[in-house]
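Now for the letters of each chain:
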Amino acid sequence: MSDEDAVIPAAIPGQPLGDLGSTEVPQWHAHQTDAVGSEQAMKWPQITMEEILRRENMQAAYQRVVSNKGAPGVDGMTVEDLGPALKTQWEVIRTELLNDRYQPQPVRKVEIPKPSGKGMRTLGIPTTIDRLIQQAILQDLQPFFDATFSDASFGFRPGRSAHQAVEQAREHIAAGYDWVVDMDLEKFFDRVNHDVLMSRLARRIVDKRILHLIRRFLTAGMMEGGLVTERTQGTPQGGPLSPLLSNILLDELDKELERRGHRFVRYADDSNIYVRSEAAGNRVMASVERFLTERLRLKINREKSAVDRPWNRKFLGFSFTKRGSPRITVAPESIKRLRDKVQQELSKGRGRKLGDVVQILTPILRGWMAYYRKAETRTDFEKLDQWLRRKLRCILWRQWKVPTARFRELVARGLNRARAKLATGNGRGPWWNAGALHMSHGVPNSYFRSLGLISLLDEYLRFQRST
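What counts, and where the lines are drawn
- Residues numbered from 1 in each chain as written.
- Predicted model: local features only at pLDDT ≥ 70, side-chain atom pairs only at ≥ 80, totals over all residues.
- Heavy atoms only, no water.
- Core = buried A, V, L, I, M, F, W, Y, C linked by side-chain atoms within 4.5 Å.
- Buried < 20%, exposed > 50% of the residue type's maximum accessible area, 1.4 Å probe, protein only.
- Contact = heavy atoms within 4.5 Å.
- Helix = DSSP H or I, 4+ residues; strand = E, 2+ residues; numbered from the N terminus.
- Pairing = 2+ DSSP bridges.
- Expected span 1.5 Å × (residues − 1).
- Bend = angle between axes of the 7 residues up to and from the residue.
- Axes fitted to C-alpha atoms, helices over the stretch in contact; angles between N-to-C directions.
- Left-handed = near helix turned anticlockwise from the far one by under 90°.
- Nonpolar A, V, L, I, M, F, W, Y, C, P; charged D, E, K, R; others polar.
- Parallel < 35°, antiparallel > 145°, perpendicular 65-115°, else oblique.
- Salt bridge = Lys/Arg side-chain N within 4 Å of Asp/Glu carboxyl O.

Q: Break down the nonpolar core for me, citing the residues and quoting the values.
A: Nonpolar side chains tend toward joint burial in soluble globular proteins. Within the largest apolar cluster, 69 residues are counted, with the highest numbers of intra-cluster contacts made by Leu201 and Ile214. In contact with Leu201, other than residues within four places in its own chain, are Phe145, Leu211, Ile214, Leu245 and Ile248.

Q: Lay out the pairing of strand β5 (residues 179-184) with the relevant residues and their values.
A: For β5, a buried count of 5 out of 6 residues is recorded, marking the element as mostly surrounded by other parts of the structure. Looking at chain direction, β5 and strand β9 (residues 270-275) are connected through 6 bridges and run antiparallel. By the bridge assignment, Val181 is partnered in β9 with Ile273. Sheet topology note: the β5/strand β10 (residues 306-308) ladder contains 3 bridges and is antiparallel. Bridge pairing links Asp182 to Ala306 in β10.

Q: Account for helix α4 (residues 79-98), naming residues and giving values.
A: End to end, α4 covers just 24 Å across 20 residues, shorter than the expected 28 Å (1.5 Å per residue, more than 12% under). Approximately 65 degrees is the largest bend angle found in α4, and it occurs at Gln89. Positioned one or two residues after α4, Asp100 has a phi angle of 65 degrees, which is positive.

Q: Can you break down the sheet that holds strand β4 (residues 120-125) residue by residue, with the values?
A: Strand order in this open sheet of 4 strands is β4-β3-β6-β7, and the pairing throughout is mixed. Either end of the sheet is taken by a strand with one partner, and the two such strands are β4 and β7 (227-229). The mean inter-strand angle of the sheet, taken between neighbouring strand axes irrespective of direction, is 40 degrees. Relative to strand β6 (residues 222-224), strand β3 (residues 107-113) runs parallel, the two being bridged by 2 bridges. The residue of β6 that forms the bridge with Val107 is Met222.

Q: Tell me what's going on with the sheet that holds β9, and back it up with residues and numbers.
A: Spatially, the 4 strands line up as an open sheet ordered β8-β9-β5-β10, and their pairing is antiparallel. Pairing within the sheet leaves two strands with one partner each, and these edge strands are β8 (263-267) and β10. Across this sheet, the average inter-strand angle for adjacent strands is 15 degrees, counted without regard to direction. Where β8 meets β9, 5 bridges bridge the pair, whose relative direction is antiparallel. Each bridged residue has a counterpart across the sheet, and for Tyr267 the counterpart in β9 is Asp270. Contacts between helix α6 (residues 162-174) and the sheet are confined to β8 and β9, with β8 contributing the most and set at about 165 degrees to the helix. Contacts from helix α11 (residues 278-296) reach β5, β9 and β10 within the one sheet, and its direction differs from that of β5 by about 25 degrees.

Q: Talk me through the packing of helix α15 (residues 403-412) against helix α16 (residues 417-424); I want residue IDs and the actual numbers.
A: Viewed as axis vectors pointing N to C, α15 and α16 meet at an angle of 145 degrees, and their least axial separation amounts to 9 Å. In this structure, α15 crosses over α16, and the sense of that crossing is right-handed. Together, Pro403, Arg406, Phe407, Leu410 and Val411 of α15 and Arg417, Ala420, Lys421, Ala423 and Thr424 of α16 make up the contact between the two elements. Looking at side-chain class alone, the contact of α15 with α16 contains 6 nonpolar, 1 polar and 3 charged residues.

Q: Describe the packing of helix α8 (residues 194-202) against helix α9 (residues 208-219), listing the residues and the values that go with them.
A: One can describe the packing of α8 onto α9 by two numbers: an axis separation of 11 Å at closest approach and a directional angle of 160 degrees. As far as their axial angle goes, α9 and α8 are roughly antiparallel. You can see that α8 and α9 cross each other, and the crossing is right-handed. Residues His194, Asp195, Leu197, Met198, Leu201 and Ala202 of α8 touch α9, and the partners they reach there are Leu211, Ile214, Arg215, Leu218 and Thr219.

Q: Please give an account of the pattern of salt bridges that cites residues and values.
A: This model, assessed by the stated rule, comprises 31 salt bridges. The residue Glu111 makes a salt bridge to Lys109 at a minimum N-O spacing of 3.9 Å. Since its relative accessible area comes to 42%, Glu111 is described here as partly exposed.

Next up, the structure:
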């Protein structure tokens, strides 16, 4: 057993390992729930606090929290501090959990830019111990709830991905459902109604201690600048439980869409419904908006939502071709974000060596390509490669500064003196020259490859061949 495996058992000095709970996988007992709405009474397994706190589950939770690293919460405890803290505090914490007395600490408010670059996203970072407890709850509740989630739900679920969601959307479009009801839930994670969510959890969870604990996590305050603000709604992103809780709430939307016979795809709070006509789309938008307002107390952001053709909208960073059989493409907004990110890095220091610039760009390009390689058209990758090489040639042209230096560099790179003289005296700006033939010949693509610059097109084609 590794040191990490031993942390949780060793956290209660002088007591046998069995005091931490059984090491066996629990045998859930069938529990008959009351019928809710139009649902028939069903039998669900029963999860207890003792099962959540069993040794093997806590060990797995500890290892996950440590491996995920993450920033400290309001108490400043790092994941490196977690093990030593548990050795002195776990006995008290476990007793409080079993006796329904554990009180989570407030989350630490952190704001990060949204991927779109428009506005900020609020995160609530729990303390490391609270993350451990949330992770342990998640590990038991995830398989319990996930087995009944809709096949059209793909976000934050084991074995499912955004790529699968995009593929499913393409299948609906190919089947003739080529109008999309693109719904954006307004500040979803900030506006989850606690009472509605807890009522959904209570349908399936019998142990009141678990329900009370989740409620306390939801209502734990948010600290900013040393001041704690009370929370009466929302499940801020940042804790392990937040994605599962959002899926539990929105599963009711999924079940309603299934009941109506709609074709749809949902990834977290990003939901697209596919219909055959604009008129049908407008009817669906209106009826689903009523359902969300009346049943889940959620609002649709009308400015960001629309009934439109799929190729005019983006879904999880992708879009689709218009003609013939639909193919997956990179959405224009996603290309713009990459360009903006690259431009930001290039503008930080134009005096740097080009090799150093390439080293900075490489992880950005690889990370972007790892996601968008799912696209099925090559044109976007070709254009991005051309644009990036031109940006790098522009940097060189600027660094050479004066005509004499530019003349010397072009000649050294193989241009004849007459052509080099003509190029350096054209009076044009850096961007024009970066796209001219004299720079393409003087600084060929092979030069960038020698610096380690990856080609997005080559990466895309390599992925296509492998699949």
